[in-house]
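Geometric and topological summary
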Amino acid sequence: MPTTPPPGRWHDVARATGLLAPDGSVAQTIFAEMTALAVRSGAINLGQGFPDVDGPGYVKEAAKAAIDAGRNQYAPGDGVPELRRAVADHQRRHYGLDVDPDTEVLVTTGATEALTASILALAGPGDEVITLEPFYDSHAAAVAMSGATHVPVPLTTDDLRLDADALRAAVSPRTRMIVVNTPHNPTGTVLTRAELEQVAAVAREADAIVLTDEVYEHLVFDDAAHVPLATLPGMADRTLTVSSSGKTFSLTGWKVGWVHGPAHLVTAVRTVKQFLSYSSGAPFQPAIAAALADDETPRALAASLASRRDLLCDGLAAAGFDVVVPQGTYFVIADGARLGFDDGHDLCYRLPELAGVVAVPVSAFCRAGSATSDALRSRVRFTFVKREDVLRDAVGRLARLAR
């Protein structure tokens, strides 16, 4: 009796995400492993990035009201009209983008479905899809499912920024799509307008579609500013922009996301998306429509996260890590080499015993065996989207490493 299913597309996905074990079975994701380790050991889980407090009460009340009003059956496949209008209004208000809510906005089951449906709809065997490396794991999985070839372009090793020369060198006649994630998970890098202009120039020259993952768009700090790539000259007609409510409003479990772009590209994405979830979150969608009119909650969250970022970064530095202070998201990359840990994977397994804290290795966001994975081998990712008292406890525990 076989212990693993026969090879198929699942095999490509497992291989692309580093989950294919030597015996052909599928391993747990590093996030599931580290969360389970935190539970077993009683360590503070700073590995998996989810808030430990809920979003605004008025948004939850709006969802309850929608449930009581009977909005519990299938939502329209495109998304409820008020949410599509709210997305278009949000893009116009914040970025000056003119988006048609009827033909250029598609509501999805979180940003992950928007990204996956976009890649499945627009790339396939014979095509190449470029991503920045490190990359969010679902980007690699979606490319593998599409049958396209994944072409990672490494960020610079020292400061984790765009390497424009490497991006240009990665382009070939087969380049179909460039996936851009800014603010960037896992590094916290926020690409500047100048960096994005370099991406745009490459995309125009290659006649490539750009898929932008902007779920952390409102979680930027200090003097950093989020610039949607679709706002740059000549890019609105070739860019699909993805975001969601989960990070902005701390309601990650609701899985309400969206994608917008030119109508012909959104139509292609819709064609695939309707055979994935069709629709979801019927009572949550009108609640998120109300939330998107609220600009104060995201500003307050960003200010709070900036303070918590500083608390964790200072604690990591005091413990002996080298830290790249993030400009956005709610993650920080720390290098354990100065503490004697050249292997971030090994460090993450030992941290619960050494310091009572859990992190995840940055190598989990790289292609196995790649030059980037080797260059970032000693680095680990922590999240600071936890209550201040939890972070203070974690910092106190991490101080044991400096003794």
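Residues numbered from 1 in each chain as written. Predicted model: local features only at pLDDT ≥ 70, side-chain atom pairs only at ≥ 80, totals over all residues. Heavy atoms only, no water.

What counts here: UniProt positions are given in the numbering used here, feature names are shortened, and annotations may be inferred rather than shown by experiment.
As annotated in an unreviewed UniProt entry, the protein carries the name Pyridoxal phosphate-dependent aminotransferase and is attributed to Isoptericola hypogeus. Quoted verbatim from the Cofactor (unreviewed entry) field of the UniProt record, the comment on the protein reads "pyridoxal 5'-phosphate".

Brief notes about the overall build of the protein
Just so we agree on the cut-off: Secondary structure elements are defined from DSSP: runs of H or I of at least 4 residues count as helices, runs of E of at least 2 residues count as strands, and each element is numbered from the N terminus. Taken over C-alpha atoms, the radius of gyration is set against a globule rule of 2.2 Å times the number of residues to the power 0.38. Here's how the labels work: a residue is buried when its accessible area is under 20% of the maximum for its type, exposed when over 50%, partly exposed in between, all with a 1.4 Å probe on protein chains only. Contact definition: two residues touch when any of their heavy atoms are within 4.5 Å. Methods summary: accessible areas were calculated by the Shrake-Rupley approach with a probe of 1.4 Å, and residue burial reflects only the protein chains presented. In this charge count, Lys and Arg are treated as positive and Asp and Glu as negative; neither His nor the chain ends contribute. To locate a charge, take NZ of a lysine, CZ of an arginine, CG of an aspartate or CD of a glutamate.
Helix and strand counts for the protein stand at 14 helices and 13 strands. On C-alpha atoms alone, the protein measures out to a radius of gyration of 21 Å, which is about the 22 Å that the 2.2 N^0.38 rule sets for 403 residues. Within the span of the protein, comprising 403 residues, buried residues form 56% of the whole. Nonlocal contacts in the protein, meaning residues at least 24 apart in sequence, comprise 75% of its contacts between residues at least 6 apart. As displayed, the protein offers around 16,100 Å² of accessible surface, 52% of which is attributable to carbon and sulfur atoms. Treating the 36 positive side-chain charges of the protein as one cloud and the 48 negative ones as another, the clouds have centres 3 Å apart.

Side note on unusual backbone geometry
Residue P183 is bonded to the preceding T182 through a cis peptide linkage, with omega at -10°. With respect to the secondary-structure elements, P183 resides in the loop between β5 (175–181) and α8 (193–206). Following N185, the chain continues into P186 via a peptide bond in cis, with omega recorded as 25°. In this fold, P186 is placed in the loop between β5 and α8. Non-glycine residue D222 carries a positive phi angle of around 60°. In this structure, D222 sits in the loop between β6 (209–213) and β7 (239–244). The phi dihedral of S250 is positive, around 55°, even though this residue is not glycine. Note that S250 resides in the loop between β7 and β8 (256–260).

Some points on the pairing of β5
Formally: A pair of strands counts as paired when DSSP detects no fewer than two bridges linking them. If the strands point away from the viewer and the path from the first strand over the helix to the second runs clockwise, then the crossover is right-handed.
Across the seven residues of β5, six count as buried, placing the element largely inside the fold. Two elements, strand β3 (residues 128–133) and β5, share four bridges in a ladder whose sense is parallel. Paired with E128 across the two strands is T175, which belongs to β5. As for the winding sense of the linkage, the β-α-β connection from β5 through α8 to β6 is right-handed.

Regarding the environment of D295
To keep it simple, the criterion reads: Pairing of N or O atoms within 3.5 Å defines a polar contact, subject to two protein rules: one partner must be a possible hydrogen donor and the other a possible acceptor, and residues neighboring in sequence count only if both atoms are side-chain atoms.
Topologically, D295 is positioned in the loop between α10 (284–291) and α11 (296–319). Apart from residues lying up to four places away in sequence, D295 is in contact with R93 and H94. Within the local environment of D295, its side chain forms a polar contact with the side chain of R93, the two groups lying 3.0 Å apart.

Section: the side chain of E128
By secondary structure assignment, the location of E128 is in strand β3. Once you skip the residues sitting within four places of it in the chain, E128 turns out to touch T149, V151, A170, S172, R174, T175, R176 and M177.

Observations concerning the pattern of salt bridges
Selection rule: Salt bridges, as used here, are contacts in which a Lys or Arg side-chain nitrogen is within 4 Å of a carboxyl oxygen on Asp or Glu.
Inspection of the entire model under this criterion finds 23 salt bridges. D222 serves as the salt-bridge partner of R309, at 2.9 Å between the closest nitrogen and oxygen. Of the two residues, R309 sits in helix α11 while D222 sits in the loop between β6 and β7, which places them 87 residues apart along the sequence. The structure contains a network of salt bridges with shared partners spanning D52, R387 and D389.

Quick look at the sheet that holds strand β12 (residues 360–361)
The following threshold applies: Comment: axis = line fitted to C-alpha atoms, over the contacting stretch for helices; angle = value between 0 and 180 degrees taken between N-to-C directions.
Spatially, the four strands line up as an open sheet ordered β9-β10-β13-β12, and their pairing is antiparallel. Pairing within the sheet leaves two strands with one partner each, and these edge strands are β9 (322–324) and β12. As judged from the five bridges shared by strand β10 (residues 331–335) and strand β13 (residues 379–383), these two strands associate in the antiparallel manner. Residue F331 lies in a different strand from β13, and its bridge partner there is T383. This element, helix α12 (residues 344–355), spans β12 and β13 of the sheet and lies at about 45° to β13.

So, the packing of α11 against helix α14 (residues 388–398)
Worth spelling out the cut-off: For this classification, under 35 degrees means roughly parallel, over 145 means roughly antiparallel, 65 to 115 means roughly perpendicular, and everything else is oblique. In the scheme used here, Gly and all other residues not listed as nonpolar or charged are polar, with Ala, Val, Leu, Ile, Met, Phe, Trp, Tyr, Cys and Pro taken as nonpolar and Asp, Glu, Lys and Arg as charged.
Running from amino to carboxyl end, α11 crosses α14 at an angle of 5°, the nearest separation of the two axes being 9 Å. Between α11 and α14, the interaxial angle falls into the category roughly parallel. In this structure, α11 uses R308, L311, L312, G315, L316 and A319 to contact α14, whose residues at the interface are E388, L391, R392, V395 and L398. Of the residues assigned to the contact of α11 with α14, the class counts are seven nonpolar, one polar and three charged.

Focus on the nonpolar core
Under the convention used in this document: To qualify as a nonpolar core, a set must consist of buried Ala, Val, Leu, Ile, Met, Phe, Trp, Tyr and Cys residues joined through side-chain atoms within 4.5 Å.
Within the largest apolar cluster, 67 residues are counted, with the highest numbers of intra-cluster contacts made by L312, F321, F382 and L398. In terms of residues, this core owes the most to one element, α11, which gives eight residues. With residues up to four places along the chain from it excluded, the contact list for L312 reads L46, V332, F382, T383, F384, V395 and L398.

Describing the environment of R270
With respect to the secondary-structure elements, R270 resides in helix α9 (residues 263–273). With 182 residues separating them in the primary sequence, R270 and A88 have C-alpha atoms 17 Å apart. Setting aside residues up to four positions removed in sequence, R270 forms contacts with D78, T103 and L106. Here the side chain of R270 touches D78 through a polar contact of 2.6 Å, side chain to side chain.

Quick word on α14
Where we set the bar: For this quantity, the arc is that covered by the directions from the helix axis to the C-beta atoms.
Of the residues making up α14, those classed as buried are V390, L391, A394, V395, R397 and L398. Taken down its axis, α14 places every buried residue within 160° of arc, on the same side.

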